[in-house]
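Fold and contact review
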Amino acid sequence: MKKTILFLFAALLIAGTAFKTDEGKKFFTRTGHIWFYSHTSVEDIEAHNYKVSSVIDAASGAMEFSVLMTAFQFEKALMQEHFNENYVESTKYPKATFKGKISNIKDVNFSKDGSYSVTVTGNLTIKDKTNPVSTKGTLVVKGDQFTASSKFRIKLADYNVEIPKMVSNKIAEEIDINVDMIYAEMKR
Amino acid sequence: MKKTLIIIAILALAGIIFAYLMYNKPHKDVAGTPSDFQISAAELYKAFNEDEAAANTKYLEKIIEVQGIIVGDLNTDNPAEPSLFLETGDDFGVVSCGFPQSQTEELSQLKSGSTVKVKGLCKGKTMDVVLTNCTIIE
């Protein structure tokens, strides 16, 4: 009888570990890389932000990004000034945010190294305008970290970013946004 | 008539030179500019935590000398901007300092737990208070 109970207990334990989930795990980064690119026949403009903050909930797929506008670095100081003062008015709106989720989070196994295609949906807020965004991305799991990358386009007009007529031929109406992040487990 | 033309030409030239200089004006030399504030990492973080709007008004785009204790190793997730993190006494956030790539070697010599003074441009707060264009002040 004792042996049976012991055997059952052991079997339950083993069975339990087979169902180990990613429940409760959160991943984050404070050095996320987001950069945008505007292409026109006159000029190409590029700016990089290496201080993006983001958290992903492994169980629900919920993801949040927080982007400091003044942390976008341009090659030309004058362009950076115009960007902050005129286009995004960063003193008034210091942060852009994204709140959404990886809609197919169940397809991602954070415990198994590999590349996973994901779909991300959510709301992007720049200045005082919020618009829904949906895009594809790639998650590459390696050990207890993973990289997440994605590329999508936004229309500047959708976010109240006004380009003065004088420079309208230098700045594209739609710009490409690239996301390239390395997430590690949040240990709390 | 000729005199007028010459004056116009000179003005036009001056305008072109000015526009060229403006277009190519250099980024602020943070290291070479006197700091606006000298504060501890804990105090800076506290200011942003307690009243972010007021802290932004006070510190955003200002040059700050922050003193603090390094937590963790040099972060090189972005080779273009190696980062050091300073303790704030708060579990949830640090003062995150981004440096030029050229300083990577020098920065990797600094040990976690040691006290440093970092001079940089304050960019605001996400989960952490962020400084960029940083240099180490000995």
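Residues numbered from 1 in each chain as written. Chains lettered and ligands numbered in written order. Predicted model: local features only at pLDDT ≥ 70, side-chain atom pairs only at ≥ 80, totals over all residues. Heavy atoms only, no water.

1. Notes on helix α2 (residues 41-50) of chain B
Residue and element names in this part refer to chain B. Short version of the rule: Three exposure classes are used, based on accessible area relative to the maximum for each residue type with a 1.4 Å probe and protein chains only: buried under 20%, partly exposed in between, and exposed over 50%. The secondary structure listing takes helices from DSSP runs of H or I that are at least 4 residues long and strands from runs of E that are at least 2 residues long, numbered from the N terminus. The directions from the helix axis to the C-beta atoms form the arc being described.
Within α2 the residues assigned to the buried category are A41, L44, Y45 and F48. Along the axis of α2, the buried positions cluster into a sector of 95°, meaning they face one direction only. Opposite the packed face of α2, turned more than 90 degrees from it, sit the exposed residues K46 and E50.

2. Observations concerning a nonpolar patch on the surface
Quick note on the threshold: Residues form patches when they are more than 30% accessible in relative terms and have no salt bridge. Like charges link within 9 Å. Nonpolar side chains (Val, Leu, Ile, Met, Phe, Trp, Tyr) link within 5 Å. Every accessible area reported is derived by Shrake-Rupley at a probe size of 1.4 Å, with residue values counting cover from the shown protein chains alone. Whenever Lys or Arg places a side-chain nitrogen within 4 Å of a carboxyl oxygen from Asp or Glu, that contact is recorded as a salt bridge.
Residues L13, I17, Y20 and L21 of chain B make up a contiguous nonpolar surface patch of roughly 440 Å² in combined accessible area. Note that Y20 of chain B resides in helix α1 (residues 2-23).

3. Quick look at the sheet that holds strand β5 (residues 115-125) of chain B
All names here are of chain B. Spelled out, the test is: Each pair of strands is called paired provided DSSP finds at least two bridges between the two strands. In this analysis, axes come from line fits to C-alpha atoms, helices being fitted only over the stretch in contact, and the angle between any two N-to-C directions falls in the range 0 to 180 degrees.
Read across the sheet, 6 strands follow the order β1-β2-β5-β6-β4-β3 without closing on themselves; strand pairing throughout is mixed. Edge positions in the open sheet fall to β1 (37-40) and β3 (83-86), since each of these has one partner strand only. Sheet twist, expressed as the mean angle between neighbouring strand axes with direction ignored, is 35°. Both β5 and strand β6 (residues 129-137) contribute to a ladder of 7 bridges, which runs antiparallel. Note that in β6 the partner of L121 across the bridge is T132.

4. Quick look at the side chain of N178 of chain A
Threshold: Contacts between residues were defined by any pair of non-hydrogen atoms, one from each residue, lying within 4.5 Å.
Counting through the fold element by element, N178 of chain A comes out in strand β9 (residues 174-185). When neighbours within four sequence positions are excluded, N178 of chain A is seen to be in contact with H33, I34, W35, S150 and K151 of chain A.

5. Structural notes on the packing of aromatic side chains
For any pair of aromatic rings, the description consists of the separation of the ring centres together with the inter-plane angle of the planes. Residues and elements named next belong to chain A. For clarity, the cut-off: When two rings of Phe, Tyr or Trp (its six-membered ring) have centres within 6.5 Å they constitute a pair, described as stacked for plane angles under 30 degrees, edge-to-face for angles over 60, and tilted for the intermediate range.
One pass over the structure, following the stated rule, counts 12 aromatic pairs over all chains. Here the aromatic rings of F36 and F74 are separated by 5.8 Å at their centres, their planes lie at 70°, and the arrangement is edge-to-face. Remark: F74 occurs in strand β4 (residues 73-74) and F36 occurs in strand β1 (residues 26-39); sequence separation between them is 38 residues. The pair F36 / F74 is uniform in exposure class, with both members buried. Seen in terms of ring centroids, F65 and F98 are 5.9 Å apart; in terms of plane orientation they differ by 75°. Their pairing is edge-to-face. Highlighted residues: F65 in strand β3 (residues 62-68) and F98 in strand β5 (residues 95-102), separated in sequence by 33 residues. The exposure class assigned to F65 is buried, which follows from its relative accessible area of 12%. On the basis of relative accessibility, which here comes to 10%, the residue F98 falls in the buried class.

6. Regarding the environment of V108 of chain A
With respect to the helices, strands and loops of the structure, V108 of chain A is situated in the loop between β5 and β6 (114-126). For the pair V108 of chain A and K25 of chain A, spaced 83 residues apart in sequence, the C-alpha separation works out to 13 Å.

7. Quick look at the packing of α2 of chain B against helix α3 (residues 52-59) of chain B
All names here are of chain B. Put simply, the rule reads: An angle counts as roughly parallel when it lies under 35 degrees, as roughly antiparallel when it exceeds 145, as roughly perpendicular when it falls between 65 and 115, and as oblique in every other case. Residues are grouped as follows: Ala, Val, Leu, Ile, Met, Phe, Trp, Tyr, Cys and Pro are nonpolar; Asp, Glu, Lys and Arg are charged; all remaining types, including Gly, are polar.
Two elements in contact, α2 and α3, have axes separated by 5 Å at closest approach and are oriented at 130°. With respect to α3, the element α2 is oriented oblique. Of α3, the residues touching α2 (which contributes L44, A47, F48 and E50) are E52, A55, N56 and Y59. Residue composition of the contact of α2 with α3, grouped by class: 5 nonpolar, 1 polar and 2 charged.

8. Comments concerning the interface of chain A and chain B
A common way to state how big an interface is: give the accessible area lost once the parts meet. Cut-off, in case you're wondering: Buried surface area refers to the total accessible area, computed with a probe of radius 1.4 Å, that the two partners give up upon joining, counted for both partners together. Here a polar contact is recorded for every N or O atom pair within 3.5 Å, except that within protein the pair must consist of a potential hydrogen donor and a potential acceptor, and residues adjacent in sequence are included only if both atoms are side-chain atoms.
Counting residues at the interface gives 29 residues for chain A, matched by 33 residues for chain B. Regarding the contact of chain A and chain B, the summed buried area is about 2,500 Å², with carbon and sulfur atoms giving 54% of it. The interface formed by chain A and chain B holds 4 salt bridges in total. K25 of chain B is the salt-bridge partner of E81 of chain A, the closest N and O atoms lying 2.7 Å from each other. On inspection of chain A and its partner chain B, the count reaches 15 residue pairs in polar contact (both at pLDDT 80 or more). Of all the elements in the fold, those that place two or more residues in the side of chain A that touches chain B are β1, β2 (44-57), β3, β4 and α2 (77-87) of chain A. Of the residues in the side of chain A that touches chain B, the class split is 11 nonpolar, 10 polar and 8 charged.

9. Some remarks on the nonpolar core
What counts, and what does not: Residues grouped as a nonpolar core are buried Ala, Val, Leu, Ile, Met, Phe, Trp, Tyr and Cys residues, joined through side-chain atoms within 4.5 Å.
Judged by nonpolar contacts, the single largest core of 46 residues is most densely connected at I34, F65, F72, F110, L139, F146 and Y183 of chain A. With near-sequence residues (within four places) excluded, F65 of chain A lies in contact with I34, V52, S53, S54, A96, T97, F98, V179, M181 and Y183 of chain A. Core analysis: the next-biggest nonpolar cluster, separate from the first, contains 24 residues, L44, I70, L74 and C134 of chain B among them.

10. Topic: the layout of surface pockets
The probe, sized like a water molecule, is rolled over the atoms to show the empty space still left. All names here are of chain A. Definition in use: We place a 1 Å grid over just the protein atoms. Points where a 1.4 Å probe fits but has no way out form a cavity, open points with protein on both sides within 12 Å along at least 5 of 7 lines form a pocket, and any residue with an atom within 4 Å of a point lines it. Grid points are joined across faces, edges and corners, and a volume is the space filled by probe spheres set on the points.
Here the largest pocket is characterised by a volume of approximately 930 Å³. Forming the boundary of the largest pocket are 50 residues, of which F36, F74, F83, L156 and I175 lie nearest the centre. Elements that contribute at least two residues to the lining of the largest pocket include exactly β1, β3, α2, β5, β6, β7 (129-142), β8 (145-155) and β9. In terms of residue class, the lining of the largest pocket is made up of 39 nonpolar, 8 polar and 3 charged.

11. Looking at the pairing of β5 of chain B
Remark: a regular strand shows side chains that alternate across the two faces of the sheet. All names here are of chain B. Counting buried residues along β5, 9 of its 11 residues qualify, which places the element largely inside the surrounding structure. Across 7 bridges, the pairing between strand β2 (residues 63-69) and β5 is antiparallel. Opposite V66, over in β5, you have V118 as the bridge partner. In textbook terms, the turn of a hairpin is the stretch between consecutive antiparallel strands, and for β5 and β6 this stretch comprises 3 residues.

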